[in-house]
Amino acid sequence: MNSYRIALMDATDRLNSTSNLDGPDAQQALLLAAYAGVAPDTAMPADWDFYTVAMTDAIGELQEGLDLSEQVTLTSRPVLPAASDPGLREGVTTAVRRLADLYATAAGGQAGPGWRRLVWAQVAHRLDDAVAELT
């Protein structure tokens, strides 16, 4: 398995121990998942372009209204997703489904202010759109 998919799986697994879907762990997982759509080695099929648009929209909506004084970087170690990686689509789809489920659950819960739960619902919707592009 390549280092990109390992980093994505690690970031997604860290979400099991956090309840802060606006925090750096969630943003790291989202950034890594979005990064798959810009794999540098070969031309990606159009569905990856639409996936990337949906991921970018989700990240933009999530970050709007947040105090982003704590800079979230893509990752501390260099990773490059490879379009030729046969497991890339499946690994990314699994991670984004997990993220969509987390945001949908949080949106339906009682934690956080109402306006933030609406944002999480919209993010979950965008993430579902992204998954739909790859399946």
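Not measured: the values here are computed from a predicted model. Sequence positions are assigned chain by chain, starting from 1 and proceeding in written order. Where local features are concerned, this predicted model is filtered to residues with pLDDT of at least 70; where side-chain atom pairs are given and counted, the filter is 80 or more; whole-chain, interface and lining totals use all residues. Side-chain numbers come from the whole structure's heavy atoms, not from hydrogens or water.

Chemist: So what about helix H2 (residues 24-35)? Which residues, and what values?
Modeler: Runs of H or I in DSSP of at least four residues are treated as helices and runs of E of at least two as strands, each being numbered from the N terminus. Multiplying one less than the number of residues by 1.5 Å gives the expected span of a helix. Taking 1.5 Å of rise per residue, the twelve residues of H2 would be expected to cover 16 Å, and the 16 Å separating its terminal C-alpha atoms lies within 8% of that figure. For H2, every residue scored as buried is listed here: Ala26, Gln27, Gln28, Ala29, Leu30, Leu32, Ala33 and Ala34. Only protein chains enter the accessibility calculation, which uses a 1.4 Å probe. A residue is then buried if its area is under 20% of the maximum for its type, exposed if over 50%, and partly exposed in between.

Chemist: Give me the lowdown on the environment of Tyr51, citing residues and values where you can.
Modeler: You can see Tyr51 is positioned in helix H3 (residues 46-63). With relative accessibility at 0%, the residue Tyr51 sits in the buried group. It is 9.5 Å that separates the C-alpha atoms of Tyr51 and Arg126, two residues lying 75 residues apart in sequence. The criterion used for residue contact is that any of the two residues' heavy atoms lie within 4.5 Å. The residues touching Tyr51, leaving out its near neighbours within four places in the chain, are Ala33, Ala34, Gly37, Val92, Val96, Ala130, Glu133 and Leu134.

Chemist: Provide a residue-level description of the side chain of Asp22, including the pertinent values.
Modeler: Among the structural elements, Asp22 can be located in the loop between helix H1 (3-14) and H2. With near-sequence residues (within four places) excluded, Asp22 lies in contact with Gln27, Leu62, Leu66, Arg116 and Trp120.

Chemist: Would you mind going over helix H5 (residues 114-134) in detail, with residue names and values included?
Modeler: Taking 1.5 Å per residue, 21 residues should reach 30 Å; H5 reaches 31 Å between its end C-alpha atoms and fits that length. Looking at the packing, one finds that the buried side of H5 touches H2, H3 and helix H4 (88-108).

Chemist: Before we move on, can you summarise the packing of H1 against H2 with the specific residues and values?
Modeler: One can describe the packing of H1 onto H2 by two numbers: an axis separation of 8 Å at closest approach and a directional angle of 150 degrees. Our classification of the angle between H1 and H2 gives roughly antiparallel. Crossing handedness for the pair H1 and H2: left-handed. On H2, the residues that touch Tyr4, Ala7, Leu8, Ala11, Thr12 and Arg14 of H1 are Asp25, Gln28, Ala29, Leu32, Ala33 and Tyr35. By the convention adopted, Pro, Cys, Tyr, Trp, Phe, Met, Ile, Leu, Val and Ala count as nonpolar, Lys, Arg, Asp and Glu as charged, and the other residues, Gly among them, as polar. Considered class by class, the residues forming the contact of H1 with H2 number eight nonpolar, two polar and two charged. An axis is simply a line fitted to the C-alpha atoms; with a helix, the fit covers only the stretch in contact. Between two such axes, the angle follows the N-to-C directions and lies from 0 to 180 degrees. Orientation labels follow simple angle bins: below 35 degrees gives roughly parallel, above 145 gives roughly antiparallel, 65 to 115 gives roughly perpendicular, and whatever is left gives oblique. Rotating anticlockwise by less than a right angle from the far helix to the near helix defines a left-handed crossing, while the corresponding clockwise rotation defines a right-handed one.

Chemist: Any chance you could break down the confidence of the model for the protein for me, citing the residues and the numbers?
Modeler: The score called pLDDT rates the predictor's confidence residue by residue, from a low of 0 to a high of 100. For the protein, per-residue confidence averages 81 on the pLDDT scale, and 81% of positions sit at 70 or higher. Per-element averaging of pLDDT across the protein places H1 at the bottom with 83 and H5 at the top with 92.

Chemist: An account of a negative patch on the surface is requested, with residue identities and associated values reported.
Modeler: In this analysis, a patch consists of residues with relative accessible area above 30% that form no salt bridge, clustered at 9 Å for like charges and at 5 Å for the nonpolar side chains Val, Leu, Ile, Met, Phe, Trp and Tyr. Where accessible areas are quoted, they stem from the Shrake-Rupley method and a 1.4 Å probe; at the residue level, only the protein chains shown are allowed to cover. In the sections that follow, a salt bridge refers to a side-chain nitrogen of Lys or Arg positioned within 4 Å of a carboxyl oxygen of Asp or Glu. Neither His nor the chain ends contribute to the count of charged residues, in which Lys and Arg are positive and Asp and Glu negative. The location of each charge is read from NZ of Lys, CZ of Arg, CG of Asp or CD of Glu. Among the surface-exposed residues, Asp57, Asp101, Asp128, Asp129 and Glu133 lie close enough to one another that they form a single negatively charged patch. Per-element tally for the negative patch: the top contributor is H5, with three residues. Of note, Asp128 is situated in helix H5.

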